[in-house]
Amino acid sequence: MHRLGTRGCDGPRPSVQSRRGKGMRTSKQLLLAGLASSALTVSTGHAQELAQSSATSPTVAPDDTGAIVVTGSRIPRRELESAMPVTVMDFDEMAKLGRLNAYDALRLVPALSPGTGAYTSGRSDSQAGAAYLNLRNLGANRTLVLIDGQRQVSGTVTASQVDINMIPAGMIDRMEVVTGGAAAIYGADAVTGAVNIITKKDFQGFRITAQQGISQRGDAPETNISLLAGGKFADDRGSVTIGATYLKTGALLQSDRAFSRNHLSFWPNPANTGPRDGIPDNLSYNEFYLPYNSDVPALYIPNNDTFYTYFQGQLQPLLGKEKLSTGEFARVNGINNPDVIRSYQYYYPMRLGQRTIAGMANFSYDLADWVKFGARFSYGRTQPSGQISLYREDSRTLFAAPFGGAVARIDNPYMPESVRTLLTGFGLTRANISRYYENWPKIEVREDRQTLTTSQNLGGKISNSVSWQVYYQYGRTTQDMTVPNIPRTSRWVAARDVIADPVTGQPVCRDTAARAAGCVPYNLFTSDPMTQAQQDYILTTVRGRSEISQNLFGADLNGTLFQLPAGDVSFAAGVGRRTESATMTGDPQTLSGDARPGGFEGVVPSTNAQGSLGVTEAYGELVVPILRDRPFFRRLEVEGAYRYSDYRDLGDTHTWKAGAMWEPVEGLTIRGTRSRSVRVPNFGELFAPVNTGITGSISDPCLFVNYNATPTRAANCAASGAPTPLANYSDNVIVQSGGNPDLRPEVSNSYTFGTIIQPRFARDLSITVDYWNIEIKDVITTFPLLQMLNYCVDLPTTDNPFCPYVQRGPDGKVTFVSTQNVNAASLSVEGVDIGVNYRLPLGSGRLNFAFNGSYLIQRRIEAVPGEPASIIKYAGGYSDPRFRGYLLTSFDTERYTVSLGTQFISAAKVDPNVSEEFYDDNDIPAMVYNDVQVTRRFDNGLEIGLGIKNLLDTKPPYNPATLYGGGGRYDPIGRTFFARAGLNF
């Protein structure tokens, strides 16, 4: 086991009780007994408490036999080392460095990619406010998250992912990450491994901690307050620990930073003549604008290929300093009038804000010498902020579908005379209006996520060598979504089409039926705020709700079967039943099509849906010692596990694990595992409603700049209906997405092989090196629209699994793409993890080093198994850098702790699959981030700390792929100062 953190290295600090004496014990016990009477739920007992470190490595608190439970196994054992590699992160150490919660801390573990969280959620993300872990970047659906060894209810109906934002930070003791398939131990979803979050139990005393932080630029504030209380009662037969956390962070938008305010983007190079010509195919432009995204009324005149804006009584052409394409949907670099247009990603968040309240209570009570009752209750609520947008539209029918954007006819009385003169001069009688309605109330999505879990168990001993436990757990997650200030299509279409009343001459709605029903006319050319009457008539609020619930119950046994010369043969076995049900409820306005939250379709359910899943399981695990204390066999043991799962609608699955530990001499251990895991499709993959949406701009592989990018593309484009290269277009493309009830389970084979070195000449040094390999077949996936298009024309012929899902019109342009879930690929990944822990005395204190690194050898997906042309390589790309490492250096004395956390991300490519001339800059530089803190402890239980995150104010790499954070991989906030205070009493 490799530990990322140093708390255990110096032995225990005095407990609250030992510092203050025992005089308060009676009153505390009475108070805690009262608290315990309201604690409703369970501690499962699958993971034990953290104890003090041995001379060579950290340990986990033993039970009364001296045995411990390590993540990746359900068998208590006396040795700390596990056949499966385990990385341990001490949360208190990370909190000192300003990390706010479990997700914020685990982002530093090299084996974990950013997953889903505040730094990855967009402005129209249905998962905003949640935090999901993604081990090896193979998908959060393939990473099983446990709390104290027990599964949890999913944080979303569309996937099987645990929202770790709902865990109060003050209750977290440590986090353990195990690599390799663990489905035989924990069940489905542990395909790439498991993350086990161990909570505090048997805490005695009261503790309050608070942290306040703010960036150097005075934004992105952070407030974190945690409470922890606990103790024993009833002559130490009962124990209760209660914790709660309040967290509030501010959003950071792209407009909040100078480096991201002007949009940086790749765009095809007009000078490109084809592949291997030495000319970059795509150039990066640092003032990338879309003229049809103006903040004020803009109209396109096709006669001279020019946009004109009307602002403050002036009609002016909107011209790019460098025109990158032509037509209504042209792109430009630089703009002649920046007062009327901004980056189209101006309001996109680089970090969402959030407000989270979470609480948990762990309770245990010895009913008798042979039976113990345990319970847990937890509740969390998160409300994200920063999902901000403005309503916009242009001529495409994806806006106000199926009518398209606003049209101003020449008889519109609101039309300024200068605009009317312009149109008549070109012989036009109407103009499409393209604009952001910056004068409308902003659209700020409000999501409210709540998770509740309650559980209880009974456990005890059948004999001195065998323990038992029965348990039940209920969990529920709800998500309420609100999108305000959305135009009602029927009313908006009527309000924007205005004529002069034949009698009064006043502006009125053209549609007589709408006029009779109270239609309020709207001036398309104004920049004045909406009147209240216009808001009441045109705008509405769209709402949706989703809910998922889970029931778990089962029974476990573990202990010793019999004794061999080399030691006890240990086992664990159990049975369980798990059911899950989910519902999605849309807004009647959305279901009828009259209120389409353009740009936010993914937030509110577009249809109603419901479904359920059920599984009955049985498992067994065995550890057999073979040799001990023999020459070259100081210890040799083998282990195995098997799980049978019977799914109500998907049939049965079989998973297993085999492993071995060999210690030839003291200080050297060799270990390895081989496992078969299964992931069954979740509710969203099976039952998510099939949605049909419309998208505008796409990068068609049959465009002139892409036509010859691969050897097969030109011929396959011709066979698909595009015999000649296409010019850029932004026509409406229908995109179909949703669940697939015919999906099959994924099957994963993984193995690990490594060594643990604890040299006798350096007792305080431990080194782990582990190779890991994971292969998944029948991968459940949705290919993005662009990949579907590319696969169709990049495989040897168009007779492939992807072309049937792509349709083109008579002009060769794409008209329809289906991106529904399919079992269509195989995925493989391999790498090497390295862990080093070292500590040494220095003066009156101790210097500690804890390093964890991961080198990625390869990660790739084969969309069509056996077809090399369908392989996409990810290793070495910015989303999968070759190497990530984290070094925690700390110096501890009785009064002070000084810590330095250093994160390293290796150099990478924007896309490791393309030639060097595909981009003018395909290289991402290596990055280093440093966090530092100083903590001072006082005799009265007070602890004060000051720190800086991103000490050197390192900005994200200047590249279109990474400038805005690279999907949570790089820090967009910059240098952040924080102060922490804690008080124990």
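Treat the numbers as computed from the prediction; the structure is a model and nothing was measured.

Q: Any details on the overall build of the protein chain? Residues and values, ideally.
A: Within the protein chain one finds 14 helices and 53 strands. On C-alpha atoms alone, the protein chain measures out to a radius of gyration of 31 Å, which is about the 30 Å that the 2.2 N^0.38 rule sets for 985 residues. Along the first, second and third principal axes, the C-alpha set of the protein chain runs to 100 × 65 × 60 Å. Looking at the protein chain as a whole, 58% of its 985 residues are labelled buried. For the protein chain, restricting intrachain contacts to residue pairs at least 6 apart in sequence, the fraction spanning at least 24 positions comes to 72%. Of the roughly 37200 Å² that the protein chain leaves accessible, carbon and sulfur atoms contribute 55%.

Q: An account of the sheet that holds strand S18 (residues 320-323) is needed here, citing residue identities and associated values.
A: Reading across the sheet, the three strands line up as S14-S19-S18 and stay open at both edges, with antiparallel pairing between neighbours. Every interior strand has two partners, whereas the edge strands, strand S14 (288-289) and S18, have only one. Here S14 runs beside strand S19 (residues 332-335); their pairing, made up of two bridges, is antiparallel. In the strand pairing of S19, phenylalanine 288 is matched with asparagine 333.

Q: Can you tell me about the packing of aromatic side chains, naming the residues and giving the values?
A: For any two aromatic rings, the description comes down to two numbers: the centre-to-centre distance and the angle of the planes. Evaluated as defined, the whole model comprises 26 aromatic pairs. Judged by centre distance (4.2 Å) and plane angle (35°), the ring pair of phenylalanine 266 and tyrosine 919 falls under tilted. Here phenylalanine 266, found in strand S12 (residues 265-268), pairs with tyrosine 919, found in the loop between strand S49 (908-909) and strand S50 (923-924); they are 653 residues apart in sequence, far enough to count as distant. Both residues of the pair, phenylalanine 266 and tyrosine 919, count as buried. Note on tyrosine 437 and tryptophan 440: the rings are 4.6 Å apart at their centroids and 35° apart in plane angle, and the pair reads as tilted. In this pair, the class of tyrosine 437 matches that of tryptophan 440, namely buried. One aromatic cluster in this structure is built from Tyr391, Tyr437, Trp440, Trp492 and Tyr522. Over the ring of tyrosine 346 we find arginine 342; its NZ or CZ atom is 4.5 Å from the centre of that ring.

Q: So, a nonpolar patch on the surface: which residues are in play, and what are the values?
A: Together, Ile208, Ile225, Leu227, Leu983 and Phe985 make up a nonpolar patch on the protein surface, roughly 380 Å² of accessible area in all. Mapped onto the elements of the fold, leucine 227 is located in strand S9 (residues 222-233). Under the relative-accessibility criterion, leucine 227 is labelled partly exposed at 45%.

Q: Break down the state of the cysteines for me, with residues and values.
A: On inspection of all chains with the given rule, the structure shows three disulfides. Disulfide pairing is shown between cysteine 509 and cysteine 519; the S-S distance is 2.0 Å. Between cysteine 509 and cysteine 519 the disulfide shows an S-S torsion of about -75°. By sign, it is left-handed. Within this pair, whereas cysteine 509 is found in strand S31 (residues 507-509), its partner cysteine 519 is found in the loop between helix H9 (512-516) and helix H10 (532-538), the two being separated by ten residues in sequence. By relative accessible area, which is 1% here, cysteine 509 ends up buried. Disulfide pairing is shown between cysteine 702 and cysteine 717; the S-S distance is 2.1 Å. Residues cysteine 702 and cysteine 717 are joined by a disulfide whose S-S torsion is about -95°; by sign, that bridge is left-handed.

Q: Can you lay out the sheet that holds strand S43 (residues 814-818) for me, pointing to particular residues and giving the numbers?
A: Taking strand neighbours across the sheet as the criterion, the four strands line up as S38-S39-S43-S42 in an open arrangement whose pairing is mixed. The open sheet has two edge strands with one neighbour each: strand S38 (691-695) and strand S42 (806-808). Put simply, the sheet's adjacent strands are angled 15° from each other on average, direction ignored. Sheet analysis places S42 next to S43, joined by three bridges and oriented antiparallel. For glutamine 807, the partnering residue across the bridge sits in S43 and is phenylalanine 816. Those strands touched by helix H14 (residues 785-794) are S38, strand S39 (733-737), S42 and S43, and its axis lies near 105° from that of S43.

Q: Provide a residue-level description of unusual backbone geometry, including the pertinent values.
A: For the peptide bond that leads from alanine 401 to proline 402, omega is 5°, which places it in the cis range. Inspection of the secondary structure puts proline 402 in the loop between strand S24 (392-393) and strand S25 (407-409). One non-glycine residue, asparagine 485, lies in the positive phi region at around 60°. Counting through the fold element by element, asparagine 485 comes out in strand S29 (residues 466-487). Residue aspartate 778 is not a glycine yet carries a positive backbone phi of 55°. Assignment of secondary structure puts aspartate 778 in strand S41 (residues 765-781). On the accessibility criterion, aspartate 778 (31% relative accessible area) is partly exposed.

Q: Break down the environment of serine 294 for me, with residues and values.
A: As for its placement among the helices and strands, serine 294 is situated in the loop between S14 and strand S15 (298-301). Classification of serine 294 by relative accessible area gives buried; the value is 0%. In this view, serine 294 contacts Thr309, Val340, Ile341, Arg435 and Tyr436; residues no more than four positions away in its chain are not counted. In terms of polar contacts, serine 294 uses its side chain to reach the backbone carbonyl oxygen of valine 340, at 3.1 Å.

Q: Can you tell me about H14, naming the residues and giving the values?
A: Along an α-helix, a turn takes 3.6 residues, which lines up residues three or four apart on a common side. Across the ten residues that make up H14, a large majority, seven, are buried. Within H14 the residues assigned to the buried category are Leu785, Met788, Leu789, Tyr791, Cys792, Val793 and Asp794.

Q: Please give an account of the environment of isoleucine 147 that cites residues and values.
A: If you trace the backbone, isoleucine 147 turns up in strand S5 (residues 143-147). Overall, isoleucine 147 belongs to the buried group, its relative accessible area being 6%. Separated by 25 residues in sequence, isoleucine 147 and isoleucine 172 place their C-alpha atoms 9.7 Å apart. Not counting residues within four places of it along the chain, the set of residues in contact with isoleucine 147 comprises Gln152, Ile167, Asn196, Ile197, Thr199 and Arg376.

Thresholds applied
- Each chain carries its own residue numbering, running from 1 in the written order of its sequence.
- It should be noted that, the model being predicted, local features are given only for residues of pLDDT at least 70 and side-chain atom pairs only at 80 or more, the latter also being counted only at that level, while totals for whole chains, interfaces and linings use all residues.
- Water and hydrogen atoms were dropped before computing side-chain values, which therefore reflect all heavy atoms in the structure.
- Comment: elements are numbered from the N terminus, with helices defined as DSSP H or I runs of at least four residues and strands as E runs of at least two.
- The reference for a compact globule is 2.2 Å times residues^0.38; the radius of gyration itself is calculated from the C-alpha atoms.
- Relative accessibility thresholds used throughout: buried, under 20% of the residue-type maximum; exposed, over 50%; partly exposed, between the two (1.4 Å probe, protein chains only).
- Here a residue-residue contact requires only that any non-hydrogen atoms of the pair lie within 4.5 Å.
- Residue burial considers only the protein chains on display, and all accessible areas are found by Shrake-Rupley using a 1.4 Å probe.
- Pairing between strands requires that DSSP locate at least two bridges from one strand to the other.
- Any Phe, Tyr or Trp ring, taking Trp's six-membered ring, that has another such ring centre within 6.5 Å forms a pair; planes under 30 degrees apart are called stacked, those over 60 apart edge-to-face, and the others tilted.
- Distance and angle both matter: a charge sits over a ring if NZ of Lys or CZ of Arg is within 6 Å of the ring centre and within 35 degrees of the ring normal.
- Think of a patch as exposed residues, more than 30% relative accessible area, with no salt bridge, where like charges cluster within 9 Å and nonpolar side chains (Val, Leu, Ile, Met, Phe, Trp, Tyr) cluster within 5 Å.
- Salt bridges are defined as contacts in which a side-chain nitrogen from Lys or Arg sits within 4 Å of a carboxyl oxygen from Asp or Glu.
- We call a pair of cysteine sulfur atoms a disulfide when they lie within 2.5 Å.
- Every axis in this analysis is a line fitted to C-alpha atoms, fitted for helices over the stretch in contact. Angles between the N-to-C directions lie between 0 and 180 degrees.
- Pairs of N or O atoms are called polar contacts if they sit within 3.5 Å, as long as, within protein, a hydrogen donor faces a hydrogen acceptor (for residues adjacent in sequence, only side-chain-to-side-chain pairs).

Keep in mind these values describe shape, not function.
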